Amino acid sequence: HLIRRSHVVLRAGTMMLGAGTSGLRVREVMASVARTVGVQQVDAQVTFTQVVLTIGRRGIFRTQVGETRPVVNADRIAMLHRFSHELGERERAVDVEARLDAIENTPLRYPAWLLVPLVALACASVAVLANGSYREVLAVLPASAIAYGLHRLLTRLQFNLLSVVVTSAAIASALYVSFAQLITLVAGSPSPRFAAGFVCASIFLIPGFPLVTAGLDLARLDLDTGVPRITYAAMVVLAMAIGVWLVASVTGVSPTPVAPIEGHPMTVWAALIAASFFAVFGWATMFNVPPATAVASGVVAIVGNVPRLLLLENGVKPHVATFVGCVIIGLGCAVVAGWFQMTKIIMTVPTLLVSIPGSPALRTLIYFDQADITAAIASGVSTVLVIVAMVAGLSAARMLTDPEWTFTRFATGRDH
């Protein structure tokens, strides 16, 4: 009986961890399942890929290790979260196991033929937020669609992750340059905003869930989970930057920042608002977020990103503007999740990605390549400050809305 109970508790934890959520939520689900199946004591050590579980019942203890390979699946996070709160006071382990089977066998919400254009739309929307014009959007759309399709294929064939990231980033960047050149031939002159879309073609490679959940874990001093996550995220971002940098070195793309879009204020802001929504909506579908939650995330992104853009327009430093925007986003996600019974973490991650400093990170590498050390350090520090501001803003919002963040407590299995 103890073996069966141990297995079902561990399975719930590894499924939650494998779906990409934070260590705190993994422990909460395990605590809920343990209480339901009559386990009196649960101690769990959660890392990026592994759960070490020790359970006790009537003076008998059992330790078991579970390992998983994290693949982000926001819908599974939501289902497991809901499952943990729908458990009865007492249930048989075999019945809990059957419910976990049903969750594990649930198919993905979006087929590849729909997901590829949605992700391409998200990348093109980021190009608008990076001050690109319609020409950059037209170049990013096919480049990101082809590169994302290839990325899915290489991942399914189980090639080395970092090599897949480098290859996908290089192909996306090279295709963007090629499509931009075709548009230049048709238009008769090069676009002054060409650099704005260069990074955006491969922005789908940003490890959003590991990056954000690592920050959240570290904010709670959950080092066993946070440090491996942030290391993984940093390696993926570096691999992505290397792929883009290789193409930039060959093609001579300038790292100079692009000036804000000019035009009638209503037209410009309408484009920025639409881009904020579709960027987040596309990312959310890539993470397999349920449609209603993806739409809600897009709306919250508008509410948080508009103040950030206004602050930037008025000369506020990027990390300060990002902190304010992320606090608003975090509070908005908490309110909307409470109103509509949605899972907060799967709303928050795609919404925050409108603040990702992709272009400054690339400029850092290019400046180093050009031996412009002063500019490289300045760009690198700015990038790090923006990322820290993102995590700090979200953590501040969590502390204002979630007692589990405000105080240091053990997981109880209750909702955040």
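The structure under discussion appears in the preceding block.
Residues numbered from 1 in each chain as written. Predicted model: local features only at pLDDT ≥ 70, side-chain atom pairs only at ≥ 80, totals over all residues. Heavy atoms only, no water.

**Q** Explain the pairing of strand β2 (residues 50–57) to me, and be specific about the residues and the numbers.
**A** Sheet topology places strand β1 (residues 41–46) next to β2; six bridges connect them, and they run antiparallel. Bridge pairing in β2 links Gln 45 to Val 52. Hairpin connection, β1 to β2: the antiparallel pair is bridged by three residues. Pairing of β2 with strand β3 (residues 60–67) involves eight bridges; the strand directions are antiparallel. Its bridge partner lying in β3, Thr 54 is registered against Thr 63. Between β2 and β3, which pair antiparallel in sequence order, lie two residues; one of them, Arg 58, sits at a positive phi of approximately 55°. (Pairing = 2+ DSSP bridges. Helix = DSSP H or I, 4+ residues; strand = E, 2+ residues; numbered from the N terminus.)

**Q** Could you give an account of helix α15 (residues 373–401), naming the residues involved and the relevant values?
**A** Here α15 spans 42 Å end to end across 29 residues, near enough to the 42 Å set by a 1.5 Å rise per residue. Among all positions of α15, only Ala 376, Ser 379, Gly 380, Thr 383, Val 386, Ala 389, Met 390, Gly 393, Leu 394, Ser 395, Ala 397 and Arg 398 are buried. (Expected span 1.5 Å × (residues − 1). Buried < 20%, exposed > 50% of the residue type's maximum accessible area, 1.4 Å probe, protein only.)

**Q** Could you give an account of the sheet that holds β1, naming the residues involved and the relevant values?
**A** Pairing is antiparallel in the open sheet, where three strands are placed in the order β1-β2-β3. Since the sheet does not close on itself, it has two edges, and those belong to β1 and β3, each with one partner. This sheet shows a mean twist of 15° between the axes of neighbouring strands, independent of strand direction. In the packing of helix α2 (residues 23–36) onto the sheet, the strands contacted are β1 and β2, and the crossing angle to β1 comes to about 155°. (Axes fitted to C-alpha atoms, helices over the stretch in contact; angles between N-to-C directions. Contact = heavy atoms within 4.5 Å.)

**Q** Kindly report on unusual backbone geometry, identifying the contributing residues and their values.
**A** One non-glycine residue, Asn 131, lies in the positive phi region at around 75°. Within the secondary structure layout, Asn 131 lies in the loop between α5 (112–129) and α6 (134–156). Given the relative accessible area of 19%, Asn 131 is considered buried. One non-glycine residue with positive phi stands out, namely Leu 221, at about 60°.

**Q** Can you lay out the packing of α5 against α6 for me, pointing to particular residues and giving the numbers?
**A** Think of two packed helices as two axes; the pair is described by the angle between the axes and how far apart they sit. At a minimum axis distance of 8 Å, the contact between α5 and α6 shows a crossing angle of 135°. It follows from the interaxial angle that α5 and α6 lie oblique. Along this stretch, α5 crosses α6, giving a crossing that reads as right-handed. In this structure, α5 uses Ala 112, Leu 115, Val 116, Val 119, Ala 120, Leu 121, Cys 123, Ala 124, Ala 127 and Val 128 to contact α6, whose residues at the interface are Val 137, Val 140, Leu 141, Ser 144, Ala 145, Tyr 148 and Arg 152. Partitioned by chemical class, the residues of the contact of α5 with α6 number 15 nonpolar, one polar and one charged. (Parallel < 35°, antiparallel > 145°, perpendicular 65-115°, else oblique. Left-handed = near helix turned anticlockwise from the far one by under 90°. Nonpolar A, V, L, I, M, F, W, Y, C, P; charged D, E, K, R; others polar.)

**Q** Account for the side chain of Thr 351, with residues named and values stated.
**A** By secondary structure assignment, the location of Thr 351 is in helix α13 (residues 344–352). Note on Thr 351: relative accessible area 0%, which makes it buried. When sequence neighbours within four positions are dropped, the list of residues in contact with Thr 351 reads Val 280, Ser 297, Val 300, Ala 301, Ile 329 and Cys 333.

**Q** Break down helix α9 (residues 223–251) for me, citing the residues and quoting the values.
**A** Relative to the 42 Å expected for 29 residues at 1.5 Å per residue, α9 spans 41 Å between its end C-alpha atoms, a close match to the ideal helical length. Among the residues making up α9, those that are buried are Thr 225, Gly 226, Arg 229, Ala 233, Val 236, Ala 239, Met 240, Ala 241, Gly 243, Val 244, Val 247 and Ala 248. Where the residues of α9 are buried, they touch α1 (2–18), α2, β1, α7 (161–187), α8 (208–219) and α14 (358–369). Taken from the residues just after α9, Gly 252 is the one with a positive phi, measuring 75°.

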